[in-house]
Amino acid sequence: MRVNAYAAPAAGQPLAPTTIERREVGANDVLIDIEYAGICHSDIHTVNGDWGPQPFPVVPGHEIVGTVTEVGADVSRHRVGDRVGVGCMVGSCGECDSCRAGDEQYCRQGMIGTYAATDRDGTTTQGGYSTHVVVDADYVLSVPETLDPAAATPLLCAGITTYSPLKHWQAGPGKKVAVVGLGGLGHMAVKIAHAMGAEVTVLSQSLKKQEDGLRLGADHYFATSDPDTFEALADSFDLIINTVSAKIDVSAYLGLLAVNGAMVNVGAPAEPLSLNVFSLLSNRRTFAGSMIGGIAETQEMLDFCAEHGIVSEVEVIRADQVNEAYERVLASDVRYRFVIDSSTLG
Ligand code: NAP
Ligand code: ZN
């Protein structure tokens, strides 16, 4: 099946309309008519070659929401007409310790990414900036009907990537959580940590988005461009979620952690991060990382968001605005996630 899509032809090149082939619907597959696809900063890192060479042309997009239009003979968990979602992962071995534990993102054989990855049949996966996708039903999520589909789309990556570490490091009542960077991931971290009952602080480059941050659920908001911030907040947080897409001074942020506090990096900048180990020794601090979340946990997050009425703040765009949107994300001018309306792919 030949479908319309937007692809980056080569590293750093603007995205352009194209057509791609989607496989036949197999026995355990679901065909999804895509309604919306979110723009994650990871799409931009990939297209710009920040993370190394890629199998171009690349159709990005790992925040996908749409409707099931066909299911394979063996599929029972999704039906034609269901509203479903696909995140960053479309396959894993299913047998290793990680997969058995529901941490398919840490599959020992390597998870299969939604785009720019080698699929089971040897072809390269192509993502959600397209009209249709065929996905193994085990990696397809149910999107609760009460959530607006466009605004729910970013939950498939930004939502789960922040929910998973917030849950793992036990954000909740009595816990002070700081979120560094108020972009796509950051604004979801604020909403989710607030719903979990934590006391939430935003650490943004400036105070430009302060009103938004407080409205989204933050209790406090500080500008990291102000050196006083690092003095005022020293030794105060139990958990810091760093969502910044660029290199930051890790040691300065570690200094904000209380005894036994942890800073979890979900941002994935091109450059290595360095730190002064004394910022870890002091207060027995932890510096950790976290990658998306498992399939069952992603469903749990979607259900949590439905229960708490949480969606993303989105700006819906046409497909031909994608390059402009990339520029705005790079300039930290996104409030707070761009979502492509797939009907504009023709
Ligand atoms: P985004 O919307 O661009 O948000 C990043 C935010 O970081 C910006 O809004 C900005 O917030 C802040 N920032 C940007 N440049 C900065 C700089 N030079 N110094 C300090 N702060 C800066 O990006 P996103 O989609 O949320 O993704 C964030 C990062 O997470 C990316 O690196 C992405 O690849 C990564 N990611 C990782 C996973 C995972 O599984 N671990 C999943 C998805 C994405 P302020 O304006 O508030 O300062
Ligand atoms: Zn993403």
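Refer to the structure presented above.
Residues numbered from 1 in each chain as written. Chains lettered and ligands numbered in written order. Predicted model: local features only at pLDDT ≥ 70, side-chain atom pairs only at ≥ 80, totals over all residues. Heavy atoms only, no water.

*Asks:* Would you mind showing me how to read the packing of aromatic side chains here?
*Replies:* For the structure shown, the criterion picks out two aromatic pairs. Both rings, one in Phe-230 and one in Tyr-253, keep their centres 5.2 Å apart while their planes meet at 85°; by these two values the pair is edge-to-face. Of this pair, Phe-230 sits in helix H7 (residues 228–232) while Tyr-253 is found in helix H8 (residues 250–254), placing the two residues 23 residues apart along the sequence. (Phe/Tyr/Trp six-rings, centres within 6.5 Å; stacked < 30°, edge-to-face > 60°. Helix = DSSP H or I, 4+ residues; strand = E, 2+ residues; numbered from the N terminus.)

*Asks:* Would you mind showing me how to read the pattern of salt bridges here?
*Replies:* Here the idea is simple: oppositely charged side chains can pair when their charged atoms come close. Scanning the model with the defined rule gives 16 salt bridges in all. The salt bridge involving Glu-21 is made with Arg-2; its shortest N-O contact spans 3.3 Å. Of this pair, Glu-21 sits in strand S2 (residues 16–21) while Arg-2 sits in strand S1 (residues 2–7); the two residues are 19 residues apart in sequence, bridging distant segments of the chain. What makes Glu-21 partly exposed here is its relative accessible area of 48%. Measuring nitrogen to oxygen at the nearest pair gives 3.5 Å for the salt bridge that ties Glu-313 to Arg-215. In this pair, Glu-313 is assigned in the loop between helix H10 (295–308) and strand S16 (314–317) and Arg-215 in helix H6 (residues 210–216), connecting sequence segments 98 residues apart. Owing to a relative accessible area of 23%, Glu-313 belongs among the partly exposed residues under this scheme. In the salt-bridge network here, residues are joined through shared partners; they are Lys-191, Asp-212, Arg-215, Glu-313 and Arg-335. (Salt bridge = Lys/Arg side-chain N within 4 Å of Asp/Glu carboxyl O. Buried < 20%, exposed > 50% of the residue type's maximum accessible area, 1.4 Å probe, protein only.)

*Asks:* Any chance you could explain the coordination of the zinc ion (ligand 2) here in plain terms?
*Replies:* For a metal bound by four donors in tetrahedral geometry, the ideal donor-metal-donor angle is 109.5 degrees, whereas six donors in octahedral geometry ideally sit at 90 or 180 degrees. Cys-40 (SG), His-62 (NE2) and Cys-157 (SG) make up the full set of protein donors to the zinc ion (ligand 2), lying at 2.0 to 2.2 Å. Sequence positions of the donors to the zinc ion (ligand 2) reduce to the motif C-x21-H-x94-C. In this pair, Cys-40 is assigned in the loop between strand S3 (29–38) and helix H1 (41–47) and Cys-157 in the loop between helix H3 (149–152) and helix H4 (158–168), connecting sequence segments 117 residues apart. With respect to class, Cys-40 is no different from Cys-157; both count as buried. (Donors = N, O, S within 2.8 Å, 3.2 Å for Na, K, Ca; no water.)

*Asks:* Teacher, can you tell me more about the sheet that holds strand S11 (residues 199–204) here?
*Replies:* The strands making up a sheet associate through hydrogen bonds between their backbones, and the pairing can be parallel or antiparallel. The six strands are arranged S12-S11-S10-S13-S14-S15 in an open sheet whose pairing can be described as parallel. With one partner strand each, in any of the chains shown, strand S12 (220–223) and strand S15 (286–289) form the two edges of the open sheet. In this sheet, adjacent strand axes meet at a mean angle of 20° when their direction is disregarded. Looking at chain direction, S11 and S12 are connected through four bridges and run parallel. Residue pairing across strands places Thr-201 opposite His-220, the latter belonging to S12. Each of strand S10 (176–180), strand S13 (237–242) and strand S14 (257–265) touches H4; the most contacted strand, S13, lies at about 160° to it. (Pairing = 2+ DSSP bridges. Axes fitted to C-alpha atoms, helices over the stretch in contact; angles between N-to-C directions. Contact = heavy atoms within 4.5 Å.)

*Asks:* Looking at this structure, how should I read the site of ligand 1?
*Replies:* The full set close to ligand 1 counts 29 residues, and His-41, Leu-182, Ser-204, Lys-209 and Arg-337 are the nearest of them. A distance of 2.7 Å separates an oxygen atom of ligand 1 from a polar side-chain atom of Lys-209. Contributing elements (two or more residues each) for the shell around ligand 1: H1 and helix H5 (184–196). The element best represented in the shell around ligand 1 is H1, accounting for three residues. Split by residue class, the shell around ligand 1 holds 13 nonpolar, 14 polar and two charged. (Near = heavy atom within 4 Å. Polar contact = N/O pair within 3.5 Å; in protein donor to acceptor, adjacent residues only side chain to side chain. Nonpolar A, V, L, I, M, F, W, Y, C, P; charged D, E, K, R; others polar.)

*Asks:* Sorry if this is basic, but what is going on with H4 here?
*Replies:* Side chains of residues three or four places apart in an α-helix project in the same direction, reflecting 3.6 residues per turn. Judged by how many residues are buried, H4 sits mostly within the fold: nine of 11 residues are covered. On its buried face, H4 is in contact with S10, H5, S13, S14, H10 and strand S17 (337–341). Just past H4, the residue Gln-170 takes up positive phi, approximately 60°.

*Asks:* So what exactly am I meant to see when it comes to H10 here?
*Replies:* For H10, built from 14 residues, the straight-helix expectation of 20 Å at 1.5 Å per residue is met to within 8% by its first-to-last C-alpha distance of 20 Å. Looking at the packing, one finds that the buried side of H10 touches strand S6 (89–91), strand S9 (141–142), H4 and H5. Looking at the residues trailing H10, positive phi occurs at Gly-309, about 65°. (Expected span 1.5 Å × (residues − 1).)

*Asks:* What should I look at first to understand the nonpolar core in this one?
*Replies:* Where a protein is soluble and globular, its nonpolar side chains tend to be buried together. In this structure, Leu-155, Leu-166, Val-190, Ile-192 and Leu-239 are the most contacted members of the largest nonpolar core, which totals 64 residues. Element by element, the count of residues in this core is highest for H5, at seven residues. Structurally, this core is a two-domain feature, drawing no fewer than three residues from each of domain 1 (2–157 + 313–345) and domain 2 (159–289). If we skip the residues at most four places from it in the chain, Leu-166 touches Ala-171, Val-177, Ala-189, Ile-192, Ala-193, Met-196, Leu-239 and Ile-241. In this structure, Ala-37, Val-59, Ile-317 and Ile-340 belong to the second largest nonpolar core, which totals 23 residues. (Core = buried A, V, L, I, M, F, W, Y, C linked by side-chain atoms within 4.5 Å. Domains from an automatic or database assignment.)

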